[in-house]
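Overview (structure and organization)
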Amino acid sequence: TNSQQTSSMSVSDLAKNNGLDGAKCWVAVNDVVYDASSNSQWRNGQHTPSRGQAKCGEDLTNVISRSPHFA
């Protein structure tokens, strides 16, 4: 997964990458933006196993802290 610091990215730039209509799927966690576009668990703008809680184009810091992946 590719990542970059969010200090140079606006919230609206992140939101544009919502995984819909051919857009990339970017998510932010703890001020780092990750490109999840090629991850098969992310489809139609959301992380399929999260049942709509984790969506592309959003800051998922609070969501990820409640996920089973967080250790």
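Anything mentioned here points back to the structure above.
Since this is a predicted model, take the numbers as computed values, not measurements.

1. Considering the state of the cysteines
In total, this model carries one disulfide according to the counting rule given. Disulfide pairing places C25 opposite C56 at an S-S distance of 2.1 Å. With the S-S dihedral at roughly -85°, the linkage between C25 and C56 falls on the left-handed side. Separated by 31 residues along the polypeptide, C25 in the loop between helix 1 (11–16) and strand 2 (26–29) and C56 in the loop between strand 5 (46–47) and helix 2 (61–65) bring together distant segments of the chain. By the burial criterion, C25 is buried, and C56 matches it.

2. So, the nonpolar core
Core analysis: the biggest nonpolar cluster contains nine residues, these being C25, V27, V29, A36, W42, A54, C56, L60 and V63. Beyond its immediate sequence surroundings of up to four residues, W42 is in contact with C25, V27, A36, H47, A54, K55, C56 and L60.

3. Side note on the environment of Q46
Of note, Q46 is situated in strand 5. In this structure the C-alpha to C-alpha distance between Q46 and C56, which are ten residues apart in sequence, comes to 5.6 Å. Not counting residues up to four positions away in its chain, the partners in contact with Q46 are Q41, R51, G52, A54, K55 and C56. In terms of polar contacts, Q46 uses its side chain to reach the backbone amide nitrogen of G52, at 3.2 Å.

4. A closer look at unusual backbone geometry
If you check the backbone angles, D31 has positive phi at about 65° while not being a glycine. Mapped onto the elements of the fold, D31 is located in the loop between strand 2 and strand 3 (32–35). Residues other than glycine seldom take positive phi values, yet R51 does so here, at roughly 55°. Its place among the elements puts R51 in the loop between strand 5 and helix 2. Owing to a relative accessible area of 78%, R51 belongs among the exposed residues under this scheme.

Rules and cut-offs
- Residues numbered from 1 in each chain as written.
- Predicted model: local features only at pLDDT ≥ 70, side-chain atom pairs only at ≥ 80, totals over all residues.
- Heavy atoms only, no water.
- Disulfide = S-S within 2.5 Å.
- Helix = DSSP H or I, 4+ residues; strand = E, 2+ residues; numbered from the N terminus.
- Buried < 20%, exposed > 50% of the residue type's maximum accessible area, 1.4 Å probe, protein only.
- Core = buried A, V, L, I, M, F, W, Y, C linked by side-chain atoms within 4.5 Å.
- Contact = heavy atoms within 4.5 Å.
- Polar contact = N/O pair within 3.5 Å; in protein donor to acceptor, adjacent residues only side chain to side chain.

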